[in-house]
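# Coordinates in review
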Amino acid sequence: MAEKLVSRGFTGKRRQPERAGRVPPGQYLVNNFPVLSAGPTPRIRTEQWSFTIDGLVRQPVTWTWTQFLELPSKEYAVDISCVTKWTQLDMKWKAVGVDTLLEAVELDAKAAFITAHSYGGYTTNLAIPDIVNDQAFIAYEYDGKPLAPEHGGPARLVVPHLYFWKSAKWVHGFRIEERERLGFWESLGYHRRGDPWKEERYSGD
Ligand SMILES: Nc1nc2c(c(=O)[nH]1)N[C@H]1C(S)=C(S)[C@@H](COP(=O)(O)O)O[C@H]1N2
Ligand SMILES: [Mo]
């Protein structure tokens, strides 16, 4: 009995540091994966899927699904925060790093922002420094299974250090730009950058 109490105490204490410092202000932890979409779920067959980087590049590049799967991939375990206030820790993805994709194009010296655009018309803006150095990836598996259509399958962008609206589902390409052009939620009043640690929820925060 005494032993049990001791070990229970230990487990309780061990759990705290694991979570400490991982839940941004104003967020609560969840263990499920909610679905949040602004419109209907586009159903993209992988034979029809493609991903293109164009805009301020020397030469636009397009990958078919088969070509995309041939790119080097990585497993990521990341904490995700949605502006609707849920945070989930250690979400596991298999993905191609955005760095790998950008290596295939030659960026113009003026390149500073991207618009990530999706099948279905969703867009979101990101500054290039926020998507390089292994901070962003295009995921096609979640938790060991192909990414479900409602979560953005066949493939979605994931930018774990920013609120989850930046993680464009059904991503179809990046347009490289000189100036920031606000995306779907950003032009409706959400923050242009969306850092959960700074609670950048709405423009003006
Ligand atoms: N294409 C597209 N991507 C999107 C959205 C969307 O409506 N369409 N919603 C965003 C928002 S607001 C959130 S919180 C997450 C939700 O992803 P989930 O449905 O997999 O939880 O996707 C983001 N990416
Ligand atoms: Mo969201």
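Refer to the structure printed above.
Our subject in this report is the structure included herewith.

Let us now look at the site of ligand 1. The environment of ligand 1 is made up of 19 residues, and the closest members are P34, A38, H151, R156 and K169. Contact distances for ligand 1 include 2.7 Å between an oxygen atom and a backbone N or O atom of A38. The protein chains hide 96% of the 530 Å² of surface that ligand 1 would expose on its own. Of the residues contributing to the shell around ligand 1, the split by class is 12 nonpolar, 4 polar and 3 charged.

As a further point, take the sheet that holds strand β6 (residues 113-118). What the 5 strands build is an open sheet, ordered β3-β2-β11-β6-β7; its pairing is mixed. Two strands lie at the open edges of the sheet, namely β3 (61-64) and β7 (123-127), each paired on one side alone. Taking each pair of neighbouring strands and ignoring which way they run, the sheet shows an average axis angle of 15°. Of the pairings in the sheet, the one linking strand β2 (residues 50-55) to β3 comprises 4 bridges and is antiparallel in character. Bridging across to β3, F51 finds its partner in W63.

Counting 40 residues, the largest nonpolar core has I53, I138, L157 and F174 as its most contacted members. Elements with a contribution of two residues or more to this core: β2, β3, α2 (65-70), α3 (98-102), β6, β8 (137-142) and β11 (171-177). Once you skip the residues sitting within four places of it in the chain, I53 turns out to touch P60, V61, W63, L101, L102, V105, F174 and I176. Grouped together as the second largest cluster of nonpolar side chains are 16 residues, I80, F137, L147 and V158 included.

Procedures and definitions
Residues numbered from 1 in each chain as written. Chains lettered and ligands numbered in written order. Predicted model: local features only at pLDDT ≥ 70, side-chain atom pairs only at ≥ 80, totals over all residues. Heavy atoms only, no water. Near = heavy atom within 4 Å. Polar contact = N/O pair within 3.5 Å; in protein donor to acceptor, adjacent residues only side chain to side chain. Areas by Shrake-Rupley, 256 points an atom, 1.4 Å probe, with all protein chains shown as cover. Nonpolar A, V, L, I, M, F, W, Y, C, P; charged D, E, K, R; others polar. Pairing = 2+ DSSP bridges. Helix = DSSP H or I, 4+ residues; strand = E, 2+ residues; numbered from the N terminus. Axes fitted to C-alpha atoms, helices over the stretch in contact; angles between N-to-C directions. Core = buried A, V, L, I, M, F, W, Y, C linked by side-chain atoms within 4.5 Å. Buried < 20%, exposed > 50% of the residue type's maximum accessible area, 1.4 Å probe, protein only. Contact = heavy atoms within 4.5 Å.

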